[in-house]
Amino acid sequence: QVSRMRMQTAVPAAADEFKMLQKFSQRVDAMTNGRLKIEVLPDGAVVGAFEILDAVDKGLVESGFAWTHYWSGKSPAAMLFGSPSGGSGLGMDQLAWVSWFLEGGGKELYQELFEKQLKVNVVGFILQPVGPEALGWFKRPIRNMEDFKTRRFRTPPGIPGAIYKEMGVTAVALPGAEIIPSAERGVLDAAEWCCPVTDLAYGFQRAFKYYYLQGLHQNTVNGDVYINKTFWNNLPKDVQAIFEGAALASLMESTAYRIRANALALIELKTKYGVQVMETPPDYFPAFMAAARKVMEANAAKDPFFKKVLDSQAKFAKDVVPYWVNIQKLNTSVADAYLKGAK
Amino acid sequence: MSPEWIGVWMLAALLSGIFVGFPIAFTLIILGFLFGYAGFGDTVFYLMLYQFFSVMKEQTLASVPLFVFMGLLLEQAGLLERLFRAVQLALARLHGSLYIAVMFCATIFAAATGIVGASVTLLGIMAARSMDRSKYDVRLSAGIITAGGTLGILIPPSVMLVVMGPVIGVPVTDLFAAAIIPGLLLAAIYTVYALVRCAINPALGPALPEAEHAASKMAILKEFLQGLVPPAVLVLASLGSILFGFATPTEGAAIGATGSLLLTIVYRRMTRKLLYDSVLKTLEVSCLILFLVAASNFFGAVFSRLGTPEMMTRALLDLQLSPWLLLIVVMAVIFLLAWPLEWVPIVLIFVPIMLPIIKELKIDLTWFGILVAVNLQTAWLSPPVALSAYFLKGVAPQWQLADIYKGMMQFMVLQLTGLVFVMIFPQLALWLPGVLYTR
Amino acid sequence: MTGLERAIRIIDAISLWTGRIVAWLILPLVAAMTYEVVIRYVWQPTQWAYDTSYMLYGAMFMLGAAYTLYRGAHIRTDFLYQKWPVRTQAIVDALCYVFLFFPGMAVFLWLGGEFAWSSWLREERTVGSSWMPVIYPLKAVIPIASALLMLQGVSELLKCVYALRTGRWLVIHKTLEELMTVIPEEKREP
Ligand code: NA
Ligand code: NA
C-alpha cells in the first residue's frame, strides 16, 4: 500500500531547506521501499507560509515544513522550540538545544505544544537545525551598542524583535522580500536574514559590505515537519518508525551540510564580493542576554506553558551549559592553534 | 477521473463560465469550490479561507488603494489633465501626441510602483477621458494604457521579480538591474508602434485643430509649466521618496496620497464633496481589484492543489528536445499558461519545475528570469483572464470591454517581439547587472 | 412602493452605509504610512505602522465588497450578457445567486466565523513584526464581510425577481459610468 504525502514548505524551491527535504524524501522512499512518497512543495504552492500549520491540521495538505516560532502568535512557547534567542536566554547553543530536545525532555513538551496549546491535529518532527544565524549586515561598522542603537535594523518578527526593542535598537519590521530593495534605497542601515549560504543567495552583499556573524537573536533555530495526525496514524508502524529514524538522521545531516556550505559561502562573500567579516562588539552579548531574560520572564509570567518549557530548559542549562562551555573552549583553543600554525 | 484531469476541466469551465456574465470574482470562487471539492473534498473551503487571509495580510498590496486614492484626488481636482493638455499642445502638429504622454507617464509610474493594478488604474483615470475628448482611437488608447501600465511589474521595483529571485536562486537586485533595459525597450516599442499607426492613419490620434493651437511659444511654455507642477511635485513626493530611499513602495504611495491631498488644498479645489467622492470611489475601485486578486489566488491554489500544472509541465519534459528548442517550448508554454493564469502561480509552480532542465542546459539564470518576466507581461494583456483590462474598465467605464481586449492584444504581440529581442540579444538583460556588479 | 421594492431599498441602504463608513479607512491608512516615513527620519520608526497598514487595507477591501456588489462594480465579462433580454439576464443571475453564490458565501461565513472565534479564544497574535498585535479583529473581518455580501446578495436576487415580474431592472446595473460622475447614489437613496 502506497501513501502519498504532500509537504507544503515555507521556502522557495531554490532554498537549501527545500533541497534537503527532497533528499529526505528520497531517503524515506528508498527505506520504505516506495511505500511513503513525499512531494515537497514550494512556499505558496497551496497556502502561504503562515497558513501551513492550519492547512496540515485541516488536512488540506498531509504535511508541512516551517519553523515552530512561526506559531508563537498562537502560543508564545512555540518560540522556545523554533528560535530560542540566546538559547532561551540560558546560553544553550544549537547542539546543546538539540541535546535538551532529545535527552532533556524537550520532545514531550514539543508534542504537548501541538496537542494542548495549539490544539491542532498534528504530530511534529524537528529535523533541520539552522543555527547559529548571523547577527546581520551593516552599511557602516558598529563599534559598540551605542552605535548599534543608531542604526535602522530589520529584525526578525515576534519575540526576537521584541528583545531588540527592549535593548533600545531601532527595529524595523519588513517582509523578507522587501529587505534588499529597502536596503539598497536606504530605508535600512542594517538587516538580518539567516546565515552565509542563504544571505548570499538573497544578495545581501549587494546592499551591505559589513557582515557580523556572531549574533544571538537566532543562535538556535529549528526547522520542523508537521504531519496531519489522522494521516500519520494510518501509516503502518514500520513506516512510522522509518520516518522517525530519517528525521533523526536529518538532524545530523543538516548540521553537517550547514557547517561546510556556510564556510564556502563565506569565502565567496569575502573573495568575490569583498565583504568584510567583522567581530561583534563585546558589549552586545551581555546587553542581549539581559534583555532576553527580561522578555523570557515577562512571557513566562503571562503564559503557564511558556514557564513550563522555560523551566525545563533552565534545569537542563544549569547542568549542561557549564560542561559544554568548557568543551567549547577546547574547540576554540585547538582551532586557534591550528590556524596560527597554518600561517 | 484523476485530480489532474479535474483541473483541466476546471480550466475549460472557467474559459466558458466566465462568459455567463456573473461577476468574475464570484465565478472564480464558485468554480474553485466545485472542482476543488470534486478533486480533494471539503478541505477546499479552508483553502479559500487561507488564500483570502493571505491576500488580506499582503502589505505590498496596500499600495493599491493608496495609488488609486492619489489618482482619484488629482483627477477630481482636475490637476492632471493639464499635463496631457500641455504635452498635446507642445506636440500639436504631431499625430498621436497623447500616446507619447501616456507612455512617458507610464514609464515614470512603472519606476515608482511594483505592481500593475495601481499603474493601470492611475493611467486610466488620468488619460482615458482626455483621449476620448481628443477623439483618439479607443482600441489603441486602451492598448497603450494597459500595456504601459503593466510595465509597472517589469521595470523595477517589481513585486514579480522580488518573488522570482528566491525561486530561481538569483539575487533580486540582479533581476532588478537586468529588467531595466528590457522594460525601457518595451516602452520604446509601444511608443513607436502607436506613432507609426498614427502616421499611417491620422484618425487614430488626431492632431489638434489649427484653431486650438497655442497662440505663442510662451503660451505653450506657460501651459506646460502649469501642467507639470502638480505631477512633478507628486513624483518628487512619491517616486522620489521611493527612488532616493526614504520609503518602501507602499509608504511612497501613502506619501503620494498625502501630497495630492496637500496639492488639492493648495490649489483651492478641496471641498467636502470632493473628499467624500474620492474616498467612496477609492473604496469601489480598490475592492473590485483586490477582491478579484484574492479570488484568482484562490482559483490558482485549487488548480495547483489538483496537480494539473505539474502534469502539464512533466508532459513537456518527456519530449526530450534540444536546448534552444526546449527554451522556445518553455517560453511558449509559459505564454499559453499566462492566458488563463496570472503570474503568481506560474512563477511559484511552473518555473521551479522547469528550472532543473534550464540549469542542465547551462542557460544563464538571470537571463532566463528576465525572459520569463517579459513573457509573463503577456498574462496581463491576454483575455479573458486579463486583470489589467478589468482595472481599466473599472476606471474607464465608457469603453467597451471588447474594445479594450482588441487594443491590448495588439500590444501583447509587441511584448512577444520584445521577448524575441531579449532572446536573440541576451546582452539587453545582462549588460547592466554586469556593469553595476563586477568588481 | 411594493413590499419587494421596499425590501430592496432597505438592504441597499444598509450596504450603502457600510460603504460610506468603511471608505474612510483610507485616511488612517494614508496617515499611518506617512507618519511612519516622517517619524523614521525625525526620531525613530514606529512599532505599529506596518501591522496597522495591512490591517486597514485588508479590512477595507473585504468590508467594501458588499458595497461594491451593491454598486454593480464587480467586473463582469458582459459582452454576451448585455445582448440578452432582461428576463434572461434575470434568470441567469438568479440561478447563479441561488445555487452558487449563497452556498459559497454561507460556507465562507461559517468557516470564517470559526477561524475568527478560535483566534479570539486564544488571543492569537501576529508575528509579522515585534509589535505582535492581536490578529482576531482582522480574522473577524472575513465572517462580517461574507454576511454583508450575503445580505446584498438577497437584494440582488430580489432585483432579479422584480425584473422577471416587470421585464425591466429596478436599478439599472450600473455601467460604472457613475463612478466618474458626482454622487449618483444620492438620487437613488431610499
Ligand atoms: Na515597477
Ligand atoms: Na491572462
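About the criteria used
Residues numbered from 1 in each chain as written. Chains lettered and ligands numbered in written order. Predicted model: local features only at pLDDT ≥ 70, side-chain atom pairs only at ≥ 80, totals over all residues. Heavy atoms only, no water. Helix = DSSP H or I, 4+ residues; strand = E, 2+ residues; numbered from the N terminus. Buried < 20%, exposed > 50% of the residue type's maximum accessible area, 1.4 Å probe, protein only. Contact = heavy atoms within 4.5 Å. Areas by Shrake-Rupley, 256 points an atom, 1.4 Å probe, with all protein chains shown as cover. Buried area = accessible area lost by both parts, 1.4 Å probe. Salt bridge = Lys/Arg side-chain N within 4 Å of Asp/Glu carboxyl O. Pairing = 2+ DSSP bridges. Axes fitted to C-alpha atoms, helices over the stretch in contact; angles between N-to-C directions. Expected span 1.5 Å × (residues − 1). Disulfide = S-S within 2.5 Å. Left-handed = near helix turned anticlockwise from the far one by under 90°. Nonpolar A, V, L, I, M, F, W, Y, C, P; charged D, E, K, R; others polar. Patch = residues over 30% accessible without salt bridge, like charges linked within 9 Å, V, L, I, M, F, W, Y side chains within 5 Å. Phe/Tyr/Trp six-rings, centres within 6.5 Å; stacked < 30°, edge-to-face > 60°. Lys NZ or Arg CZ within 6 Å of the ring centre and 35° of its normal. pLDDT = per-residue confidence, 0-100.

1. What about the overall build of chain C?
Helices and strands together make up the secondary structure of chain C, namely 7 helices and 0 strands. When the helices and strands of chain C are read in sequence order from the N terminus, they spell out α-α-α-α-α-α-α. For chain C, buried positions account for 58% of its 190 residues. Considering only contacts in chain C between residues 6 or more positions apart, those separated by 24 or more positions represent 75%. Entry remark: accessible area of chain C is about 7,900 Å², with carbon and sulfur atoms responsible for 70%.

2. A look at the overall build of chain B
Within chain B, the regular secondary structure consists of 21 helices and 0 strands. Relative to its full complement of 439 residues, chain B shows a buried share of 65%. The long-range share in chain B, meaning contacts at least 24 apart out of those at least 6 apart in sequence, stands at 79%. Summed over all atoms, the accessible surface of chain B reaches about 14,400 Å², with 70% contributed by carbon and sulfur.

3. Comments concerning the interface of chain B and chain C
Many authors give the size of an interface as the accessible area that is lost as the parts come together. Taken together, the contacts link 66 residues of chain B with 69 residues of chain C. Of the roughly 6,300 Å² buried between chain B and chain C on both sides combined, carbon and sulfur atoms contribute 77%. A salt bridge links C:Arg71 to B:Glu284, with the nearest nitrogen and oxygen atoms 2.7 Å apart. Contributing elements (two or more residues each) for the side of chain B that touches chain C: α2 (24-40), α3 (43-56), α4 (63-76), α13 (249-266), α14 (272-306), α19 (387-395) and α20 (401-424) of chain B.

4. Looking at the pairing of strand β4 (residues 122-129) of chain A
All names here are of chain A. Burial analysis of β4 places 8 of its 8 residues in the buried class, the great majority of the element. Relative to strand β10 (residues 222-228), β4 is paired through 7 bridges, and the arrangement is antiparallel. Residue pairing for β10: Val123 is matched across the bridge by Ile227.

5. As for the sheet that holds β10(A)
All names here are of chain A. Read from one edge to the other, the open sheet built from 5 strands follows the order β2-β1-β3-β10-β4, with strand pairing classed as mixed. The open sheet has two edge strands, β2 (36-41) and β4, and neither has a second partner. The average angle at which neighbouring strand axes cross in this sheet is 25°, direction not considered. Pairing between strand β1 (residues 3-9) and strand β3 (residues 63-67): 3 bridges, direction parallel. In the sheet register, Thr9 faces β3, and the bridge partner there is Phe65. Along the sheet, helix α6 (residues 106-117) contacts β4 and β10; its crossing angle with β4, the most-contacted strand, is approximately 135°.

6. As for the pattern of salt bridges
Going through the model one piece at a time under the given rule, you end up with 25 salt bridges over all chains. Among the ionic pairs, A:Asp29 bridges to A:Lys37, the shortest N-O distance being 2.9 Å. Residue classification places A:Asp29 among the partly exposed residues on the basis of a relative accessible area of 24%. Taken together, the shared-partner salt bridges connect A:Asp54, A:Lys74, C:Glu124 and C:Lys139 into one network.

7. Some remarks on helix α18 (residues 365-377) of chain B
Over its 13 residues, α18(B) extends 18 Å from the first C-alpha to the last, a length consistent with the 18 Å expected when each residue adds 1.5 Å. Summarising burial for α18(B): 13 of the 13 residues are buried, a large majority.

8. Re the sheet that holds strand β6 (residues 152-154) of chain A
Residue and element names in this part refer to chain A. Taken together, the 6 strands give an open sheet; going across it, the order is β7-β6-β8-β5-β9-β11, and neighbouring strands pair in mixed fashion. Edge positions in the open sheet fall to β7 (170-172) and β11 (276-278), since each of these has one partner strand only. Relative to β11, strand β9 (residues 210-212) runs parallel, the two sharing 3 bridges. Paired with Tyr211 across the bridge in β11 is Val277.

9. Notes on the state of the cysteines
Residue and element names in this part refer to chain C. For the structure on display, the rule yields 1 disulfide over all chains. Of the cysteine sulfurs around Cys160, a residue in no disulfide, the closest is that of Cys96, at 9.2 Å. Residue classification places Cys160 among the buried positions, given a relative accessible area of 1%.

10. Points about the packing of helix α16 (residues 323-337) of chain B against α18(B)
All names here are of chain B. Closest axis-to-axis distance for the α16/α18 pair is 9 Å, and the angle between their directions is 35°. Seen along the crossing, α16 lies across α18 with a hand that is right-handed. Residue-level inspection shows Trp324, Leu327, Val330, Met331, Ile334 and Phe335 of α16 in contact with α18, the latter providing Trp367, Phe368, Leu371, Val372, Asn375 and Leu376. Looking at side-chain class alone, the contact of α16 with α18 contains 11 nonpolar, 1 polar and no charged residues.

11. Comments concerning the pairing of β3(A)
Along any regular strand, the residues point their side chains to alternate faces of the sheet. All names here are of chain A. The buried fraction of β3 is high, at 5 of 5 residues. Residues Ser63, Phe65 and Trp67 line one face of β3 and the alternating positions Gly64 and Ala66 line the opposite face, and both faces are buried. The sheet contact formed by β3 and β10 spans 5 bridges and is antiparallel. Directly across from Ala66, in β10, lies its bridge partner Asp224.

12. Examining the environment of B:Ala199
Residue placement: B:Ala199 occurs in helix α10 (residues 172-200). B:Ala199 sits 38 residues away from B:Ala237 along the chain, and the two C-alpha atoms are 37 Å apart.

13. Quick word on a nonpolar patch on the surface
Residues and elements named next belong to chain C. Taken together, the side chains of Ile91, Leu95, Val98, Phe99 and Leu164 define a hydrophobic patch exposed on the protein surface, amounting to about 450 Å² of accessible area. Broken down by element, the residue count for the nonpolar patch peaks at 4 residues, all from helix α5 (residues 86-121). Relative to the elements of secondary structure, Val98 occurs in helix α5.

14. Some details on the environment of A:Met31
With respect to the helices and strands, A:Met31 occurs in helix α1 (residues 16-31). Distance in space between the C-alpha atoms of A:Met31 and A:Phe243 is 8.9 Å, their sequence separation being 212 residues.

15. With respect to helix α1 (residues 3-22) of chain C
The end-to-end C-alpha distance of α1(C) is 29 Å, a good match for the 28 Å that 20 residues give at a rise of 1.5 Å each. Those residues of α1(C) that fall on the buried side of the exposure criterion are C:Leu4, C:Glu5, C:Ile8, C:Ile11, C:Asp12, C:Ala13, C:Ser15, C:Leu16, C:Thr18, C:Gly19, C:Arg20 and C:Val22.

16. Focus: the packing of aromatic side chains
Taken as a whole and assessed by the stated rule, the structure comprises 56 aromatic pairs over all chains. Judged by centre distance (5.8 Å) and plane angle (75°), the rings of C:Tyr50 and C:Tyr54 are edge-to-face. Residue C:Tyr50 and its partner C:Tyr54 are located together in helix α3 (residues 49-63), separated by 4 residues, close to a single helical turn. Like C:Tyr54, C:Tyr50 is buried. It is B:Arg305 that lies over the ring of B:Phe40; its NZ or CZ is 4.5 Å from the centre. Residue placement shows C:Arg20 over the ring face of C:Trp17; its charged tip is 4.8 Å from the ring centre.

17. With respect to the confidence of the model for chain B
Of the residues in chain B, 87% reach a pLDDT of 70 or more, and the chain-wide mean stands at 81. Element-level mean pLDDT values for chain B span from 63 in helix α12 (residues 239-243) of chain B up to 92 in α18(B).

18. Looking at the side chain of B:Ser260
Residue and element names in this part refer to chain B. Structurally, the position occupied by Ser260 is in helix α13. Taking the relative accessible area as the measure of exposure, Ser260 reaches 0% and is therefore buried. Ser260 has contacts with Met70, Leu73, Leu74 and Leu234, leaving out every residue within four places of it along the chain.

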